[in-house]
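# Structural overview for review
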Amino acid sequence: MNNIKALFFDIDGTLVPFGDHQPPTDVINALKIIRSNGIKIFISTGRHINWVDNLGKLEVDGYVTANGNLCVEDDRKTVIYKHCIPHDDIDRIIDFSHNSDIPIVAVPVHGRIIINREDESIAKVRSLLELPKMPITDLEEIRNKEIVQMMAFGSEEKRRKSGLFTDILHECQPTSWHPWFCDIIPIGSDKSVGIDNMILHHCIDISETVAFGDGGNDIGMLQHAGIGVAMGNAAPDVKAAADYVTTDVDNFGVINALRHLGLII
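Fair warning: this is a prediction, and the values are worked out from it, not measured in the lab.

Ranked by internal contacts, the top residues of the largest apolar core, which has 51 residues, are Leu 7, Leu 15, Leu 31, Ile 34, Val 105, Phe 212 and Leu 258. When residues in this core are grouped by element, the largest group, five residues, is from helix H1 (residues 25-36). Those residues within four positions of Ile 34 in sequence are excluded, and the remaining contacts are Leu 7, Ile 39, Ile 41, Leu 258, Leu 263 and Ile 264.

Of the residues making up helix H6 (residues 191-201), those classed as buried are Lys 191, Ser 192, Gly 194, Ile 195, Met 198 and Ile 199. The buried residues of H6 all sit within an arc of 155° when viewed along its axis, so they share a single face. Phi turns positive, to about 60°, at Cys 203, one or two residues after H6.

Structurally, the position occupied by Thr 137 is in the loop between helix H3 (120-129) and strand S8 (147-153). On the accessibility criterion, Thr 137 (16% relative accessible area) is buried.

Next up on the list: the pairing of strand S10 (residues 181-186). A large share of S10 lies buried, amounting to six of its six residues. Relative to S10, strand S9 (residues 172-178) is paired through five bridges, and the arrangement is antiparallel. Note that in S10 the partner of Pro 174 across the bridge is Ile 184.

Moving on: the pattern of salt bridges. Tallied over the entire structure, the rule returns 16 salt bridges. For the salt bridge of Arg 143 with Asp 91, the shortest nitrogen-to-oxygen distance reads 3.1 Å. Placement of Arg 143 in the loop between H3 and S8 and of Asp 91 in helix H2 (residues 87-97) is noted, with a sequence separation of 52 residues between them. Residue Arg 143 is classed as partly exposed on the basis of its relative accessible area, which comes to 26%.

Now for the sheet that holds strand S12 (residues 227-230). Neighbouring strands of a sheet are bound in pairs by backbone hydrogen bonds; such pairs are parallel or else antiparallel. Strand order in the open sheet formed by eight strands is S5-S4-S3-S2-S1-S11-S12-S13, and the pairing between neighbours is mixed. Every interior strand has two partners, whereas the edge strands, strand S5 (79-82) and strand S13 (244-245), have only one. Taken together, the two bridges between S12 and S13 define a ladder with parallel strand orientation. Residue Ala 230 lies in a different strand from S13, and its bridge partner there is Val 245. Set on the sheet, H6 makes contact with strand S1 (6-9), strand S2 (40-44), strand S3 (62-65), strand S4 (70-73), S5 and strand S11 (209-213); between it and S3 the angle comes to about 155°.

Attention shifts here to the packing of aromatic side chains. Using the criterion set out here, one finds three aromatic pairs in the structure. For the pair Phe 8 and Phe 42, a centre-to-centre distance of 4.8 Å together with 15° between the ring planes defines the contact as stacked. Note that Phe 8 is positioned in strand S1 and Phe 42 in strand S2, a separation of 34 residues in sequence. The class of Phe 42 is buried, set by a relative accessible area of 0%. Ring centres 4.2 Å apart and planes at 15° place the aromatic pair Phe 9 and Phe 212 in the stacked group. Here Phe 9, found in strand S1, pairs with Phe 212, found in strand S11; they are 203 residues apart in sequence, far enough to count as distant. Of the residues examined, Phe 212 reaches a relative accessible area of 0% and is grouped as buried. Over the face of the ring belonging to Tyr 63 we find Arg 76, whose NZ or CZ atom lies 5.3 Å from the ring centre.

Quick notes on the rules
Residues numbered from 1 in each chain as written. Predicted model: local features only at pLDDT ≥ 70, side-chain atom pairs only at ≥ 80, totals over all residues. Heavy atoms only, no water. Core = buried A, V, L, I, M, F, W, Y, C linked by side-chain atoms within 4.5 Å. Buried < 20%, exposed > 50% of the residue type's maximum accessible area, 1.4 Å probe, protein only. Helix = DSSP H or I, 4+ residues; strand = E, 2+ residues; numbered from the N terminus. Contact = heavy atoms within 4.5 Å. Arc of directions from axis to C-beta. Pairing = 2+ DSSP bridges. Salt bridge = Lys/Arg side-chain N within 4 Å of Asp/Glu carboxyl O. Axes fitted to C-alpha atoms, helices over the stretch in contact; angles between N-to-C directions. Phe/Tyr/Trp six-rings, centres within 6.5 Å; stacked < 30°, edge-to-face > 60°. Lys NZ or Arg CZ within 6 Å of the ring centre and 35° of its normal.

Structure follows, in structure tokens:
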């Protein structure tokens, strides 16, 4: 395992226990040592870079955000890859939003993240993930803009009955890691695609990578990375996609995995 050159970490439920504001101190210290040994540390998250605000003093080499659709350097500004939702799908979801009570979040490459309406599920998610309050704005604001991800709230059954992914969005797919909402991304895109673009930029081979995750949106990268590590708190299908299953996020999961990989003592 001494050929490892890059580690990719999901945030919520992997690096950071749900309800906490930053990774545990022992994780931050361990990754600092690993990084000082020449191994690069990357974030790979469903969050947009503007929502990556719960890493504490952890220093990283880059960010795969918006489920792989927006990759930025460690300065959090320099874009090295982006994959936007096709404008035809944007136009259709704008029209859909005028006649549906499903709250929709739009995540642009640049600029403010907006939501078209709120319900009780929004407040729960903001509290769980420590997200800032979003301006409530008609989705007309995003027409003809570069949108890397959207989010649809409410139950999966409600989204299915609305025809959102059968009648409205022709070139997008859902990816979910929590029952209260799903992320909406372009078809053929996930965290593994973002990882490929990040390692190409840094001249690293996929065989030299390790990915850590716990959610359904992590399955692609766990299967794609040289080594996939699932947290003990992950769902069964996520664990099945991994090469190694560690302990829960709040039971030294990352630390135990790093020891298993021989990266720390």
